[in-house]
Amino acid sequence: MSTGHVVTALRLGIETPNEAHIFMHKDFHVCRAEGFAARSSLVVSHGRKSIIATLYHVTSDLVGPDQAGLSEWAWKELQLGENGQVAVSHAPPLESLGRIRGKVRGNRLDATALRDIIDDVGAGRYSSIHLSAFITACAARALDYDEIRDLTRAMIDAGERIVWNGKPIVDKHSIGGLPGNRTTPIVVAIAAACGLTIPKTSSRAITSPAGTAATMETMAPVDLDLATMRRVVEKEGGCIAWGGAMGLSPTDDIMIRVERVLDLDGEGQLVASILSKKLAAGATHLVLDLPVGPTAKVRSYEAAQLLSDSLVEVGRSFGLVSKAIITDGTQPVGRGIGPALEARDVLAVLQGHAMAPADLRAHALTLAGALLELGGATPDGGGVKLAAECLASGKAWAKFQKICEAQGGMRTPPVASYQRVVTARTSGLVERIDSRKLSRVAKLAGAPDDKAAGVELHLRLGAPVSRGEPAYTVHAESPGELDYALTYVASNPDIIGLARA
């Protein structure tokens, strides 16, 4: 047992996902003797395991006067049995916080400062408040090229790194911000079927109602460890897995959880997040999808070009060959918004259904074609044709099924228990679709945590619509979440903008 006061631990069964909380009685003599104030950061140790936990004072009988109650995540991290003891002591001062304060005042973060910050994040020394300060400072005081490069390097070095035999190792990434747009499973299937190696790792959704990992999880397991990922890729040429299960740039996943709550995704951290995951996974060639639209993450061509340049240039400093494609982000891609609904669109395209979303198919072929050319599977100019042939022949669908089976078995995406159609209030032509507000509806309905929740879009830009015609359907797993989403819909009648025909 580590130094500090030894106290009896109590398992409270309080869920605080990915955060360690400790509860002690306000009058506990240890709190008085050590000056453990509410919301203090404490080192809590058991054997060789140690965590940083936030202290909360209790005045009821939730815990005894000589006990330390632990949240469920803290209990599991310390690997305590049914009963146990822990040592508690003050957490040492975090010197790296001073560098964050300096960034708030306008100072640069050098390589040493960024490495210290990332080391503290990875060691669990930063609370959500500390993480929020770092994320906000880097978003408000934009990171320069050197800061982005050094942050990327620190994030790579904080975790595992995969080395593959042979080259090229290709990958694809969309910067997000556009509902639907779930091209990755289609692109991976095409690339692998055409002989390229594509070990695709994805993060959980940050500010969107679905990410690639969440969508893929409705069709196959994604929590692969490194050994399983390597086995799947060596057998099938590709995979689609959650990067957080493999320790690739693990601090990125820690920060994503806070970014999601803040609904904040600063450009510098976005670049470091993308590239650290790709480089840690062993990618040598990368195609980037940058959707641009009035309600997308990137609003102008100029902003997209700047982001593209940053991604390509920082990637080049690590030896990564990249191609950025600026694409249409004026409306959602596909019909589904939410993990299971987007999975249905993916399956329809792969299976060649006549009613599959044409825009999703075309977008996936554009990206797959670029990746086939970048990876050397076909000469420049022949990528889209080869990708289309692979899809039409059924080779991509066959490869996708094999990848799913290798990852643990194919699944059927779930269907929501509650659905409500939202109809057009007037007649006219669809001239605007607010992607951000549609994403908000999907999140209020429960996505991405409830895999079946989300929005199914029935209209496209330029389409004629009559009053009372279905505009979109809200899907939810509980009546409360459905009502919550519909309340937002009622107060935002401009989600679908119509012009007189």
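**Q** Can you lay out the packing of aromatic side chains for me, pointing to particular residues and giving the numbers?
**A** A complete count under the given rule lists two aromatic pairs for this structure. Here Trp397 and Phe400 contribute two aromatic rings whose centre-to-centre distance is 6.3 Å and whose plane-to-plane angle is 25°, an arrangement assigned as stacked. Pair noted here: Trp397 and Phe400 are both in helix 16 (residues 395-406), with a separation of three residues, about one helical turn. For Arg230, the ring lying beneath its charged end belongs to Trp164, and the centroid distance is 4.8 Å.

**Q** Just give me the short version of the sheet that holds strand 10 (residues 285-292), but keep the residues and values in it.
**A** Within the open sheet, the three strands sit side by side as 7-10-11. Their pairing is parallel. Strands at the two margins of the open sheet, each flanked by one partner only, are strand 7 (170-174) and strand 11 (321-328). Neighbour to neighbour, the strand axes of the sheet diverge by 20° on average, direction disregarded. Examined bridge by bridge, strand 7 and strand 10 share five bridges and lie parallel to one another. Bridge assignment links Ser174 to a residue of strand 10, and that residue is Asp289. The sheet contacts of helix 14 (residues 358-374) involve strand 7, strand 10 and strand 11, and relative to strand 10 the element is tilted by about 150°.

**Q** Tell me about the side chain of Asn492, residues and numbers included.
**A** Among the secondary structure elements, Asn492 is positioned in the loop between helix 18 (479-490) and strand 18 (496-499). For Asn492, a relative accessible area of 14% corresponds to the buried category. Here Lys437 takes part through its side chain, which lies 3.3 Å from a polar atom of the side chain of Asn492.

About the thresholds
- Residues numbered from 1 in each chain as written.
- Predicted model: local features only at pLDDT ≥ 70, side-chain atom pairs only at ≥ 80, totals over all residues.
- Heavy atoms only, no water.
- Phe/Tyr/Trp six-rings, centres within 6.5 Å; stacked < 30°, edge-to-face > 60°.
- Helix = DSSP H or I, 4+ residues; strand = E, 2+ residues; numbered from the N terminus.
- Lys NZ or Arg CZ within 6 Å of the ring centre and 35° of its normal.
- Pairing = 2+ DSSP bridges.
- Axes fitted to C-alpha atoms, helices over the stretch in contact; angles between N-to-C directions.
- Contact = heavy atoms within 4.5 Å.
- Buried < 20%, exposed > 50% of the residue type's maximum accessible area, 1.4 Å probe, protein only.
- Polar contact = N/O pair within 3.5 Å; in protein donor to acceptor, adjacent residues only side chain to side chain.

Purely geometric stuff here, so don't read any function into it on its own.
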